[in-house]
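# An overview of the molecular structure
Below are the chains, spelled out letter by letter.
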Amino acid sequence: MKVHKRNQSHLVVLVPVLLWLSCSDKMPARQPALEDGTLYALTPVLTEVKRHLDAARQYQLTGRDLRAAQEFLAARNSIEKLESYYLPLLNSRAHVAASYRLMQQKQFFKAKEELVNARAQLAKVSAKAEDENVELISKISTEMQLVEKSLERRKTVPPETFNSIAVTLNKLTAFYQANLKEDLP
């Protein structure tokens, strides 16, 4: 196939212009703590619930009702861990990530609302927490409020701020995963 000289001259001009246009919008830096969502924290708790329910059923079948009741109570405590710690922390982190994405799209009001939802989820954890994390949760909530105020003024917040909040939420999730024992609700 022959290419006419006239068409070649258009390509010589068109290709550099297209390259320049495609590179002109700088992509934001990747924020792994925000973008790499995971539900790994749920797996051990769900396995624990299943183990307790299976044991309770076996105890019921053999007429050991008191032991079955103990296993049901342990399963209930595991479910309370999900409701009180894991789900609110994971939901809070998801709201922070959504807020970040909405801010990038210049949807400041919706971004702020996502942070309000994140703080509401975090308040659930704070209400149950009886450890050194209460102060850390308060600090994160205050940081979220500052970001909310910036978003109210339609100001873009540095991605590192959102990433810092997400990293702290991930650390809290890991802390509770490592430290919640079966006897804690």
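Since the model is a prediction, treat every value here as computed from it, not as a measurement. (Residues numbered from 1 in each chain as written. Predicted model: local features only at pLDDT ≥ 70, side-chain atom pairs only at ≥ 80, totals over all residues. Heavy atoms only, no water.)

## So, the overall build of the protein chain
Along the backbone of the protein chain there are seven helices and zero strands. Walking the protein chain from its N terminus toward its C terminus, one meets helices and strands in the order α-α-α-α-α-α-α. Expressed as a percentage of the 185 residues in the protein chain, the buried residues total 35%. Across the protein chain, contacts joining residues at least 24 apart in sequence account for 74% of those joining residues at least 6 apart. As presented, the protein chain carries roughly 12000 Å² of accessible surface, and 58% of it is formed by carbon and sulfur atoms. (Helix = DSSP H or I, 4+ residues; strand = E, 2+ residues; numbered from the N terminus. Buried < 20%, exposed > 50% of the residue type's maximum accessible area, 1.4 Å probe, protein only. Contact = heavy atoms within 4.5 Å. Areas by Shrake-Rupley, 256 points an atom, 1.4 Å probe, with all protein chains shown as cover.)

## Quick word on the packing of aromatic side chains
All chains considered together, the criterion is met by three aromatic pairs. With 5.3 Å between their ring centres and 75 degrees between their planes, Phe175 and Tyr176 make a pair best called edge-to-face. Take Phe175: its relative accessible area is 25%, and that puts it in the partly exposed class. Cluster of aromatic residues (ring-pair linked, three or more members): Tyr85, Phe175 and Tyr176. (Phe/Tyr/Trp six-rings, centres within 6.5 Å; stacked < 30°, edge-to-face > 60°.)

## Quick word on helix α3 (residues 42–61)
Given a rise of 1.5 Å per residue, 20 residues ought to cover 28 Å, and the 29 Å separating the end C-alpha atoms of α3 matches this to within 8%. All of the buried residues in α3 are Leu42, Val45, Glu48, Val49, His52, Ala56 and Tyr59. Within α3, the buried residues cover an arc of 130 degrees as seen down the axis, which keeps them to one side. What points out from α3, more than 90 degrees from its buried face, is the exposed set Thr47, Lys50 and Leu61. Elements that come into contact with the buried residues of α3 comprise α4 (65–104). (Expected span 1.5 Å × (residues − 1). Arc of directions from axis to C-beta.)

## Observations regarding the confidence of the model for the protein chain
Overall, the predicted model of the protein chain reaches an average pLDDT of 80, with 75% of residues at or above 70. Helix α5 (residues 108–128) holds the highest mean pLDDT among the elements of the protein chain, 94, whereas helix α1 (residues 5–24) holds the lowest, 48. Low pLDDT, under 50, characterises residues 10–14; the predicted model gives this stretch one contact beyond four residues in sequence or across chains. Below pLDDT 50 for its whole length, residues 17–24 participates in zero contacts with residues either more than four positions away or in separate chains. (pLDDT = per-residue confidence, 0-100.)

## A closer look at the packing of α4 against α5
Packed helices, taken two at a time, are described by the angle their axes make and the gap between the axes. The N-to-C vectors of α4 and α5 enclose an angle of 165 degrees; their axes lie 8 Å apart at closest approach. Judged by the angle between their axes, α4 and α5 are roughly antiparallel. You can see that α4 and α5 cross each other, and the crossing is left-handed. By residue class, the composition of the contact of α4 with α5 is 14 nonpolar, seven polar and four charged. (Axes fitted to C-alpha atoms, helices over the stretch in contact; angles between N-to-C directions. Parallel < 35°, antiparallel > 145°, perpendicular 65-115°, else oblique. Left-handed = near helix turned anticlockwise from the far one by under 90°. Nonpolar A, V, L, I, M, F, W, Y, C, P; charged D, E, K, R; others polar.)

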